[in-house]
Amino acid sequence: MKKNIIVLLLGTFLLLNGAFAIASIPAVTPQSIQQDLKAHFSRASDINWVKGAGFYKASFRQEGLYLQAYYATDGHFIGLARNLSFYQLPLVLQRNIRQVYADYWISDVREFISQQGTDYYITFENATEQIILKNSGNNQWDILQKIPVILG
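What you see is a predicted model; the values in this text were computed from it and never measured.

### Some remarks on the confidence of the model for the protein chain
Part 1 of the reasoning: Residues at a pLDDT of 70 or more form 82% of the protein chain, whose mean pLDDT is 86.
Part 2 of the reasoning: Below a pLDDT of 50 lies the segment residues 18-23, which in the model reaches eight contacts outside its immediate sequence neighbourhood of four places, other chains included.

Structure, rendered in C-alpha cells:
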C-alpha cells in the first residue's frame, strides 16, 4: 500500500515537474542511493540529484538517453522514467487520441516503469487549459488532471 501511494505521488510529481518545470533544490543524496544508481546504471553520466516529497530523483544520461531514476528516502528503488515523443508511444495508445484532442498541442509525453508495471503520461495544452492523461497498461487513456491556464 505504501509503495502504491509513493508511486501515485511520484506520478503526480512527474506530471507537474514536466508540465510546470518545478524548480527543485539540489539534494545531498545518501551514499547508499548513489551507489545503487551506479550499480544499476554503470554508464550513467551527468548525474543530477534532487529531493522531492518522500523521494530522491537522479536525472542522468546513459547511452544517449536522458533518464530519471526515483528512490524512496529509505533507499528503495521506485522506478525509472524517460521522456518520449508521441510517436514512441505504443501504436494502440496513439490511435484516435490526437483526434479527441485536436484543439490541443502535446507538451509532454513520459513513460514510467516500476514494479507495478509501465505507465504512460501525456499532457495536452491549449490557451485555456492543460489536460494530463495517464495510461496504466490498458488500451485507453484516463484523465488524471485538468488544470486551467491562468493568463497573467
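### Some words on the pattern of salt bridges
Part 1 of the reasoning: Taken as a whole, this structure holds five salt bridges when the rule is applied.
Part 2 of the reasoning: The shortest N-O distance in the salt bridge between Arg61 and Asp46 comes to 3.2 Å. Here Asp46 lies in strand β1 (residues 45-52) and Arg61 lies in strand β2 (residues 55-62), a separation of 15 residues in the sequence.
Part 3 of the reasoning: Measuring nitrogen to oxygen at the nearest pair gives 3.9 Å for the salt bridge that ties Lys134 to Asp119. Here Lys134, found in strand β7 (residues 129-135), pairs with Asp119, found in strand β6 (residues 117-125); they are 15 residues apart in sequence, far enough to count as distant.
Part 4 of the reasoning: A residue is classified by how much of its surface remains accessible, and Lys134, at 18% relative accessible area, is buried.
Part 5 of the reasoning: Note on Asp119: relative accessible area 10%, which makes it buried.

### What about the sheet that holds strand β3 (residues 65-72)?
Part 1 of the reasoning: Across the sheet, which stays open at both edges, the eight strands sit in the order β1-β2-β3-β4-β5-β6-β7-β8 with antiparallel pairing between neighbours. Single-partner strands in this sheet number two, and they are β1 and β8 (142-148). Strand-to-strand twist in this sheet, taken as the mean axis angle between neighbours without regard to direction, amounts to 20°.

### So, the environment of Arg110
Part 1 of the reasoning: Structurally, the position occupied by Arg110 is in strand β5 (residues 105-114).
Part 2 of the reasoning: Between the C-alpha atom of Arg110 and that of Thr123, which follows or precedes it by 13 residues, the distance is 9.0 Å.
Part 3 of the reasoning: Separated by 2.9 Å, the side chains of Arg110 and Asp108 make a polar contact.

Parameters and conventions
- Residues numbered from 1 in each chain as written.
- Predicted model: local features only at pLDDT ≥ 70, side-chain atom pairs only at ≥ 80, totals over all residues.
- Heavy atoms only, no water.
- pLDDT = per-residue confidence, 0-100.
- Contact = heavy atoms within 4.5 Å.
- Salt bridge = Lys/Arg side-chain N within 4 Å of Asp/Glu carboxyl O.
- Helix = DSSP H or I, 4+ residues; strand = E, 2+ residues; numbered from the N terminus.
- Buried < 20%, exposed > 50% of the residue type's maximum accessible area, 1.4 Å probe, protein only.
- Pairing = 2+ DSSP bridges.
- Axes fitted to C-alpha atoms, helices over the stretch in contact; angles between N-to-C directions.
- Polar contact = N/O pair within 3.5 Å; in protein donor to acceptor, adjacent residues only side chain to side chain.

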